[in-house]
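For reference, the chains in residue letters:
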Amino acid sequence: MIEAAPDSNGSTTLVIFGASGDLTRRKLVPALASLHSKGRLPLDLQILGVARSDMDDEQFRAILAEWAALSSRIHYLHGDVTSLQDLEAVKDKLASIEGNGGSHNRLYYLSLAPSLYRSAMSGLGESRMSEDFDGWRRLVVEKPFGTDLTSARELNDVAHSVFREDQVFRIDHYLGKETVQNLLVFRFANAIFEPLWNRNYIDHVQITVSETLKIDERGDYYDQTGVLRDMFQNHLLQLLTLVAMEPPHAFEAEALRNEKVKVLNAIRRIRPDDVGRHAIPGQYRTYRDESGVSPESDTATYAAVRLHVDNWRWQGVPFYLRSGKALRNKSTEIIIQFRSPPHMLFPLADDEDIPANTLAIFVQPDEGFHLEFQTKTPEAELQMRTAELEFHYHEAFSGQAIPDAYERLLLDALNGDASLFTRSDEIEQAWSIVDPIIEGFSLPTAPRPYYYSEGSWGPVEADRFMLTDGRAWLQAGRAGSAMP
Amino acid sequence: MTAVTEQASPCTMVIFGASGDLTARKLIPGLYELYRRGLLPERFAVLGAGRTGMSDDRFRRRMGEELANGAGGQPAADRERFLGALHYQQLDTGSAGEYGKLAERLRAVAAEAGTGGNFLYYLATPPSLFEPIAGGLAGAGLAEQQDGAWRRLIVEKPFGYDLESARTLNERLHTWFTERQIYRIDHYLGKETVQNVLVLRFANEVWEPLWNRATIDRVEITAAEQVGVEGRGGYYDGSGALRDMFQNHLLQVVGMIAMEPPAHFRPSAVRNETVKVFDSLRPIAPSQVSEDVVPHHLFGTPPPSVTDGVPDPAGYGQRAVSAAAADASKLIIRIQPDEAIQLCCNVKLPGAGFDVRQVGLDFRYADLADTYLPDAYERLLLDGIMGDATLYARADAIESCWEFVTPILKAWRDHPGIPLHGYPAGSWGPAAASSLFRRPGYGWRTPMPSLSDPGGTVAL
């Protein structure tokens, strides 16, 4: 990982467009403050917030008073990123912040409504703010990046007309999570898992991102978006690529992202007219009553999707992805279910199946790993039971808070390390996988979303979907497989 | 190992050396636990036999005291019923003429208890009495199996003190008992955690593919004792550890770790596979003994440190892709104390970069709710009663282990020039022991009292 020495002669400025919004206050500034307390911020870092709220430096600092240590570095400009005139004002303000001498590095952070991305990027191009003539220029873009393949491509085209790809940092904040990064370490820094990490030993993989929240006030946005755009196109597919990828030749951004793109390429596309065999849409019962949601809305707040990776490593191993709102738990888990031992030496009761081993990765909450295996029950006779080899971050690294994803991501962006950001081809591949499913769900022949009760695990059709495959949804952390 | 569904057939157990320590500390308490769990046959009796004179009553009272001192809380009535099944016969076990008396008493006890003709003979005596007792039983017609009744002979260790003596003992015993009747104890095989090696390996998909030279760099097996030699100096001279621990316990554990999967779980299949391991051990030539085996002897007073018996297969990992060098993964099977299984592998250190650190994925027996870890003897006694010899050593296994160990003993005896390394009590043994690894920086892993403590490595 590159760690650039602070440029003592010049400056580094983080320009947050849309700084009066939630993200700055809830995530970005706290992350910067934490980095600062650990001595990891470039010494010369300045922060310039730009937004349409009418405020000045002092008022903006007052909003962020909780992070007093950063106060002196915080500046504000009332301006509209879509206005070239305002961008000129931004440049002037930057000049005064940056001072003279040395190189002036800038990280532009688009904390804006996605509809503004295009004009923001074009604007930065037109005002020549993207040119790295006296220091580097980088652009961080939040999700969603496009709403389908076509719009994503257009957005990439705009971005590439203004920036080089190596200047563009698309955030999927899941990649900033410790446990997600740890997946790579777990796989590639230990000799014991790789020999098992393929179709010969793995029966299937389940990836679950479940939320308890409903959509709250975001009806307008969510009704246009739905769970497949909101969660599958980004987080779930990212998790899948990390599980499925080949080892990169080196631990650096391009090598890593090349391998991820290879996985995405290999995923078998679902035909829209066939979607019912591979995916189950769901909607929580009171969804249509939410404000901003159309009373006849068919937007899916839940989906279960089965994907196949057509390559030598994974042929025949299904990847089951599911995510939804208003479910029973808030958790993100990856469960790798191994095949059963080929020959059972030990006595089983008549109706017992040979229990298979599972490796569960808890991305959140309670970050850690469990390896479920069979052990002898301490008893005079021979009986087996399931036991778990457990590791939890909070126990092992107690006293050390797990850094928020944004800490990691901001630092990497400041250092120019794109490993944990999504590349343009990754984004487009992911859309090309999800688009046909969304399209399929909207066809008149497709199943309408199945209802499920709030606080349940989703529609019963999703359970049947698994059962037809001879499998069941697993909830990690409980001995043995249990249909939740 | 016995499956739950079988029912134990009625029998009477004769314990030779019943006035000794083993009976009071292990055998009777073991039987009592089996009784409490309903695993003893419906009709069962014990006849203790020994040189010390004692009445049935006195024997019962003595055993009763032992039980009362042990795991507390049992209702006294329960104990009384169990103790009622115990009997005692004074016997000069070394004298062949005495066995007629034994036969008479035995039949009387069996008749009263309704156990029929099944007899389980347990030799809890010094090894010098093994032959006289076996011969005496045969002489009194008590060895032969007839009319559907079984007779089994459980022999404690040590079984011989070198290859020749072990062979001789086997030959002698075979004149009176068939091999199928002979059960040689290695109580390590009765330990939960040791049996669990078999379950761990063969009831799971994830370990077997790794269980070979492609993934495993080396296996370390450590049985460290805190207790000094104390009163047993005569038994424990320079070659004491080799005979006491190596020839039996450690090699048996090697057998379990290294064996091929048996086709099924019957004693013959399992023991065939472990014998194959012993037969495959590369013999250490006399000239190599000084390099390949490091004898050491303890000097000084016993330390306040911890008892530990830990077999430890270590896995060797490839170099990580990340910046920091990664330690090899390890699978640690802790037999005692703090019985557990731990998988040590590399995880990312929280924070910036991709630095790795080794942590343990733990499973502790202590974490299982209401876990009772049976004493090894409980297990072995039950298997003896059920006639399951899986966890007992077979004649060829014993001889194969002695075949491996004896040349080492011989070399030490014949070449006094081979250094005997001293080590202070409370240390991890002599530094020279690390020379066995023949790789710089490699050394013995030091097991810690608690598995959470990763300990260190004793390297040269």
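These figures come from a predicted structure and were not determined experimentally. (Residues numbered from 1 in each chain as written. Chains lettered and ligands numbered in written order. Predicted model: local features only at pLDDT ≥ 70, side-chain atom pairs only at ≥ 80, totals over all residues. Heavy atoms only, no water.)

## Some points on the overall build of chain A
Convention followed: Secondary structure elements follow DSSP: runs of H or I of four or more residues count as helices, runs of E of two or more count as strands, with numbering from the N terminus. Radius of gyration here uses only the C-alpha atoms, and the compact-globule reference equals 2.2 Å multiplied by the residue count raised to the power 0.38. Each residue gets one of three labels from its accessible area relative to the maximum for its type: buried under 20%, exposed over 50%, partly exposed in between, using a 1.4 Å probe on protein chains only. Any two residues having at least one pair of non-hydrogen atoms within 4.5 Å are treated as being in contact. Surface accessibility in these figures is a Shrake-Rupley result with a 1.4 Å probe; residues are shielded only by whichever protein chains are displayed. The charge count includes Lys and Arg as positive and Asp and Glu as negative, but it does not include His or the ends of the chains. By convention, the point assigned to a charge is CZ for Arg, NZ for Lys, CD for Glu and CG for Asp.
Within chain A, the secondary structure is distributed over 12 helices and 16 strands. Taking 23 Å as the expected radius of gyration for a compact globule of 484 residues, we find that chain A reaches 24 Å, a close match to that expectation. Along the three orthogonal principal directions, the C-alpha set of chain A runs to about 80 × 50 × 40 Å. Relative to its 484 residues, chain A shows a buried fraction of 62%. Counted over contacts in chain A with a minimum sequence separation of 6, partners at least 24 positions apart contribute 75%. Carbon and sulfur atoms make up 48% of the accessible area of chain A, which amounts to about 18500 Å² in all. Once the 49 positive and 71 negative side-chain charges of chain A are each reduced to a mean point, those two points are 2 Å apart.

## A few points about the interface of chain B and chain A
Definition in use: Defined here as a combined quantity, buried area equals the accessible surface (1.4 Å probe) lost by two parts on assembly, summed across both. For this analysis, a salt bridge means a side-chain nitrogen from Lys or Arg found within 4 Å of a carboxyl oxygen belonging to Asp or Glu. Counted as a polar contact is a pair of N or O atoms within 3.5 Å, where, for protein atoms, one must be capable of donating a hydrogen and the other of accepting one, and residues adjacent in sequence contribute only when both atoms are in side chains.
Listed as interface residues are 61 residues of chain B and, on the opposing side, 59 residues of chain A. Around 5200 Å² of area is buried between chain B and chain A when both sides are counted, 70% of it from carbon and sulfur atoms. Inspection of the chain B/chain A interface yields 2 salt bridges. One salt bridge in this structure joins lysine 376 of chain A and glutamate 192 of chain B, with 2.9 Å as the shortest N-O distance. Our count for the contact surface shared by chain B and chain A stands at 15 residue pairs in polar contact (both at pLDDT 80 or more). Among the secondary structure elements, those contributing two or more residues to the side of chain B that touches chain A are α7 (192-202), β11 (340-348), β12 (356-364) and α11 (376-386) of chain B.

## A look at the sheet that holds strand β6 (residues 168-171) of chain A
All names here are of chain A. The test is simple: Any two strands are treated as partners once DSSP identifies two or more bridges connecting them.
The 7 strands lie next to each other as β3-β2-β1-β4-β5-β6-β15, forming an open sheet whose pairing is mixed. The sheet terminates laterally at β3 (74-78) and β15 (421-422), the two strands that pair on one side only. By the bridge criterion, 7 bridges tie strand β1 (residues 11-17) to strand β4 (residues 104-110) in an arrangement that is parallel. The partner of valine 15 across the bridge, within β4, is tyrosine 108.

## Describing helix α12 (residues 395-414) of chain B
This is how the line gets drawn: One less than the number of residues in a helix, times 1.5 Å, gives the span that helix is expected to have. Two axes are fitted around each residue, one to the seven residues ending there and one to the seven starting there, and the angle between them is reported as the bend at that residue.
Helix length check: α12 of chain B (20 residues) gives 28 Å between terminal C-alpha atoms against 28 Å at 1.5 Å per residue, within 8%. Where α12 of chain B bends most, the angle comes to about 30°, and this point is valine 405 of chain B, followed within four residues by the proline proline 407 of chain B.

## Brief notes about the confidence of the model for chain B
Residues and elements named next belong to chain B. How we decide: Scored from 0 to 100, pLDDT reflects the predictor's confidence in each residue.
Counting all residues, the mean pLDDT for chain B is 81, and 82% of those residues have values of 70 or more. Counted against residues more than four places away or in other chains, residues 1-5, with its pLDDT under 50, gives 21 contacts. Counting contacts from residues 298-325, a segment whose pLDDT is below 50, to residues more than four positions away or on other chains yields 105 contacts. In the predicted complex, the global pTM is 0.83; the interface-specific ipTM is 0.77.

## Considerations on the nonpolar core
In plain terms, the rule: We call a set of buried residues a nonpolar core when its members are Ala, Val, Leu, Ile, Met, Phe, Trp, Tyr or Cys and they connect through side-chain atoms within 4.5 Å of each other.
Ranked by size, the top nonpolar core spans 205 residues in total, and within it Leu240 and Phe346 of chain A together with Tyr122 of chain B carry the most contacts. Ranked by the residues each element gives to this core, the list is headed by helix α7 (residues 219-244) of chain A, at 12 residues. Apart from the residues lying within four places of it in its own chain, the contact partners of leucine 240 of chain A are Ile207, Val263, Ile267, Leu307, Val309, Phe319 and Leu321 of chain A. Membership of the second largest hydrophobic core comes to 49 residues, among which are Leu129, Ile182, Leu251 and Val289 of chain B.

## Details of the UniProt feature "domain: Glucose-6-phosphate dehydrogenase NAD-binding" (unreviewed entry) in chain A
The criterion, for reference: UniProt positions are given in the numbering used here, feature names are shortened, and annotations may be inferred rather than shown by experiment.
UniProt records the feature "domain: Glucose-6-phosphate dehydrogenase NAD-binding" (unreviewed entry) at residues 15-182 of chain A, using the numbering of this structure. Counted over residues 15-182 of chain A, helix gives 40% and strand 18%. Its end C-alpha atoms are 30 Å apart.

## Some remarks on unusual backbone geometry
Residue and element names in this part refer to chain A. For the bond running from lysine 143 to proline 144, omega is 5°, close enough to zero to count as cis. In this fold, proline 144 is placed in the loop between β5 (137-141) and α5 (149-162). The omega torsion of the bond from glutamine 364 to proline 365 falls at -15°, within 30 degrees of zero and hence cis. Note that proline 365 resides in the loop between β12 (358-364) and β13 (368-376). The phi dihedral of arginine 128 is positive, around 60°, even though this residue is not glycine. You will see that aspartate 366, though not glycine, has its phi angle at about 55°, which is positive. Relative to the elements of secondary structure, aspartate 366 occurs in the loop between β12 and β13.

## Here's the deal with the packing of helix α8 (residues 240-258) of chain B against α12 of chain B
Packed helices, taken two at a time, are described by the angle their axes make and the gap between the axes. Residue and element names in this part refer to chain B. We apply this condition: Lines fitted to C-alpha atoms define the axes here, with helix axes fitted over just the stretch in contact, and angles between the N-to-C directions of these axes take values from 0 to 180 degrees. Each crossing gets its hand from how the near helix is turned against the far one by less than a right angle, where anticlockwise is left-handed and clockwise is right-handed. Classification used: nonpolar for Ala, Val, Leu, Ile, Met, Phe, Trp, Tyr, Cys and Pro, charged for Asp, Glu, Lys and Arg, polar for all others including Gly.
At a closest axis distance of 10 Å, the pairing of α8 and α12 adopts a crossing angle of 145°. Taken as a pair, α8 and α12 cross one another with a handedness that is right-handed. Here α8 contributes Leu242, Arg243, Gln247 and Leu251 to the contact with α12, which in turn contributes Ile398, Cys401, Trp402, Phe404, Val405, Ile408, Leu409 and Trp412. Among the residues forming the contact of α8 with α12, the class breakdown is 10 nonpolar, 1 polar and 1 charged.

## Details of the packing of aromatic side chains
Residues and elements named next belong to chain A. Rules: For this analysis, a ring pair means two rings from Phe, Tyr or Trp (six-membered ring only for Trp) whose centres lie within 6.5 Å, classed as stacked if their planes differ by under 30 degrees, edge-to-face if by over 60, and tilted for the remaining angles.
A full pass over the atoms with the stated rule returns 26 aromatic pairs over all chains. Centre to centre, the rings of phenylalanine 186 and phenylalanine 369 are 4.0 Å apart; their planes meet at 10°, and the pair counts as stacked. Of this pair, phenylalanine 186 sits in helix α6 (residues 178-188) while phenylalanine 369 is found in strand β13, placing the two residues 183 residues apart along the sequence. Plain terms: the ring middles of phenylalanine 369 and phenylalanine 391 are 6.2 Å apart, the flat faces sit at 25° to each other, and that makes the pair stacked. Of this pair, phenylalanine 369 sits in strand β13 while phenylalanine 391 sits in strand β14 (residues 384-392), and the two are 22 residues apart along the sequence.

## Section: the sheet that holds strand β2 (residues 44-50) of chain B
All names here are of chain B. Here 6 strands make up an open sheet; going across it, the order is β3-β2-β1-β4-β5-β6 and the pairing parallel. The sheet is open, and its two edges are formed by β3 (86-90) and β6 (182-184), each paired on a single side. Across the sheet, the axes of successive neighbouring strands diverge by a mean angle of 20°, strand direction being ignored. Relative to β3, β2 runs parallel, the two sharing 5 bridges. Note on β3: the bridge partner recorded for glycine 48 is tyrosine 88.

## Concerning the environment of glycine 146 of chain A
Residue and element names in this part refer to chain A. You can see glycine 146 is positioned in the loop between β5 and α5. In sequence terms glycine 146 and arginine 52 are 94 residues apart; their C-alpha atoms lie 23 Å from each other. Apart from residues lying up to four places away in sequence, glycine 146 is in contact with Ser151, Ala152, Leu155 and Trp431.

## Structural notes on the confidence of the model for chain A
Residues at a pLDDT of 70 or more form 95% of chain A, whose mean pLDDT is 90. With pLDDT under 50 throughout, residues 477-484 of chain A is counted as low confidence; its partners more than four residues away or in other chains account for 20 contacts.

## So, the side chain of threonine 301 of chain A
With respect to the element layout, threonine 301 of chain A can be found in the loop between β8 (279-284) and β9 (302-308). At a separation of 3.2 Å, a polar atom in the side chain of threonine 301 of chain A contacts the main-chain amide nitrogen of tyrosine 284 of chain A.

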